[in-house]
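Structural description and commentary
The residues making up each chain are set out below.
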Amino acid sequence: MSPGTHRQQAARPLGPRDAAVTVRELRKTFPGVVAVDHVSFSIRPGEVFCILGPNGAGKTTTVECIAGTLKPDSGRIKVLGIDPIRERQQVREQVGYQLQSAVLPAALRVEEAVRLFASFYSRPVSVGDLLTTVGLEDQRRRAFGKLSGGEKQRLSIGLALVGSPRIVVLDELTTGLDPQGRRSVWQLIERLKGRGVTIILVSHHLDEVQRLGDRLAIIAAGRTQFVGTPVELRRATSAGSDSDRTLEDAYLAFVDDVDPREGTGS
Ligand SMILES: Nc1ncnc2c1ncn2[C@@H]1O[C@H](COP(=O)(O)OP(=O)(O)OP(=O)(O)O)[C@@H](O)[C@H]1O
């Protein structure tokens, strides 16, 4: 939509009662597939909000609608008070989306990748600061193809941070990392949270959700089945079972109760 066809809204500072993101009754279909239907939740400023659910449940579809890269069929999304489709440029400046690392050319050096991505934003962070944040100062001249899995992952997180976003979307944060690599990425997320960045984390790893997540949503059969804290999830599924069940036990008990036919064909 061209400027002038509607009044442009600016992302504004949030008050303590404002949500960073609201999703209401989101529906998105692809030919022959209802990817999500009836997905609703709110994300508070500065929290780590985790999105969980079985493969194909619609988690990535949901975060792509939040980032403005997919257009919902219906429903309402607000990101920092603005509509991610109508104000796509505004949202792009405010929301960092972790790119799948495989899309970078193997010969591109770390520093070049950061400079390239910085050129897309009006207020990028300095290259040196960013490399320090993600612990890649010593690899700045190294080609992307020569980085370890953990270094690639840290670079892809760094590229999501290059525009100084207020919200960061991280999809499959630590998949493929060794225990040391996972810890170092978790510490990075904790530092970001300490700076007040709102973090949306799509994850299959319940230990990661337990460590980092303030609240979580479970999407299954195309719908939000649960929104709450990890403690609330354990409480919601603890009736009649032993008290030391893990978050993963609670999650599985919850998802196993969902009727897979619930969300199909609607
Ligand atoms: N571009 C697309 N075209 C057609 N179908 C799609 C497209 N993107 C997603 N889908 C389908 O929509 C459904 C939801 O996919 P989505 O990637 O959002 O799930 P997910 O919860 O992120 O899955 P996973 O945990 O496996 O990554 C799936 O059935 C998927 O095949």
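Here the structure is shown first, and the text comes after it.
Before going into details, it helps to say that this report is about the structure given with it. (Residues numbered from 1 in each chain as written. Predicted model: local features only at pLDDT ≥ 70, side-chain atom pairs only at ≥ 80, totals over all residues.)

1. Considerations on the packing of helix 5 (residues 149-161) against helix 6 (residues 179-194)
Filter applied, for reference: Structural elements are reduced to axes, namely lines fitted to C-alpha atoms, with helices fitted over the stretch in contact, and the angle between N-to-C directions of any two is expressed from 0 to 180 degrees. The helix count covers DSSP runs of H or I at least four residues long, the strand count covers runs of E at least two residues long, and both are numbered beginning at the N terminus. Angles below 35 degrees are treated as roughly parallel, those above 145 as roughly antiparallel, those between 65 and 115 as roughly perpendicular, and all remaining angles as oblique. Take the far helix as your reference; a near helix turned counterclockwise from it by less than a right angle gives a left-handed crossing, and one turned clockwise gives a right-handed crossing. Note that contacts rest on C-beta atoms placed from the backbone: two residues are in contact if these are within 7 Å. Residue classes follow a fixed rule: Ala, Val, Leu, Ile, Met, Phe, Trp, Tyr, Cys and Pro count as nonpolar, while Asp, Glu, Lys and Arg count as charged, and any other residue, Gly among them, counts as polar.
Packing of helix 5 against helix 6 leaves a shortest axis separation of 10 Å and a crossing angle of 15°. With respect to helix 6, the element helix 5 is oriented roughly parallel. Remark: the crossing between helix 5 and helix 6 carries right-handed chirality. Residues G149, G150, Q153, R154 and I157 of helix 5 form the contact with helix 6, whose own contacting residues are G181, S184, V185 and L188. Across the contact of helix 5 with helix 6, the residue classes break down as three nonpolar, five polar and one charged.

2. A few points about unusual backbone geometry
Counted only if it meets this: Three exposure classes are used, based on other C-beta atoms lying within 10 Å of a residue's own C-beta, which is placed from the backbone: buried for 20 or more, exposed for 12 or fewer, and partly exposed in between.
Phi at E25 is positive, roughly 50°, even though this residue is not glycine. Along the chain, E25 falls in strand 1 (residues 21-30). Using a count of 14 C-beta atoms within 10 Å as the deciding quantity, one classes E25 as partly exposed. At H38, a residue that is not glycine, the phi angle is positive and equals roughly 60°.

3. Considerations on the sheet that holds strand 1
This is how it is decided: DSSP-based pairing: two strands are paired if at least 2 bridges between them are found.
With respect to topology, three strands assemble into an open sheet ordered 2-1-4, the strand pairing being antiparallel. The sheet terminates laterally at strand 2 (33-43) and strand 4 (74-79), the two strands that pair on one side only. Recorded for the sheet is a direction-independent mean angle of 25° between the axes of neighbouring strands. Examined bridge by bridge, strand 1 and strand 2 share seven bridges and lie antiparallel to one another. Across the sheet, residue T29 finds its bridge partner in strand 2, namely V34. Its contacts with the sheet place helix 1 (residues 59-67) against strand 1, strand 2 and strand 4, and it is angled at close to 120° to strand 1.

4. Topic: the packing of helix 3 (residues 110-118) against helix 5
How two helices pack is summed up by the angle between their axes together with the distance between the axes. Running from N to C, helix 3 and helix 5 point in directions that differ by 25°, and their axes come no closer than 9 Å. The angle between the axes of helix 3 and helix 5 places the two elements in the roughly parallel class. Where helix 3 crosses over helix 5, the handedness of that crossing is right-handed. Across from V110, A113, V114 and F117 in helix 3, the residues of helix 5 making contact are L155, G158 and L159. Taken together, the residues that form the contact of helix 3 with helix 5 break down as six nonpolar, one polar and no charged.

5. Some details on the site of the ligand
We count it as follows: By definition, a residue lies near a molecule or strand when the C-beta atom built from its backbone is within 6 Å of it.
If you check the shell around the ligand, you find F30, V33, A35, G53, N55, G56, A57, G58, K59, T60 and T61 and nothing else. Among the secondary structure elements, those contributing two or more residues to the shell around the ligand are strand 2 and helix 1. Take the shell around the ligand: its biggest share by element is three residues, from helix 1. A class-by-class count of the residues in the shell around the ligand yields four nonpolar, six polar and one charged.

6. Some details on the sheet that holds strand 9 (residues 223-228)
Pairing is mixed in the open sheet, where six strands are placed in the order 5-6-7-3-8-9. The strands lining the two open edges of the sheet, one partner per strand, are strand 5 (95-97) and strand 9. Pairs of neighbouring strands in the sheet enclose a mean axial angle of 15°, with direction left out of account. The strands touched by helix 9 (residues 247-256) within the sheet are strand 3 (48-52), strand 8 (215-220) and strand 9, with strand 8 carrying the most contacts at an inclination of about 35°.

7. Comments concerning the pairing of strand 8
Among the six residues in strand 8, five count as buried, and that is most of the element. Pairing of strand 3 with strand 8, which is carried by four bridges, proceeds in the parallel orientation. Along strand 8, the bridge assignment pairs L52 with I218. Here strand 8 runs beside strand 9; their pairing, made up of five bridges, is antiparallel. Following the sheet pairing, A220 is matched in strand 9 by R223.

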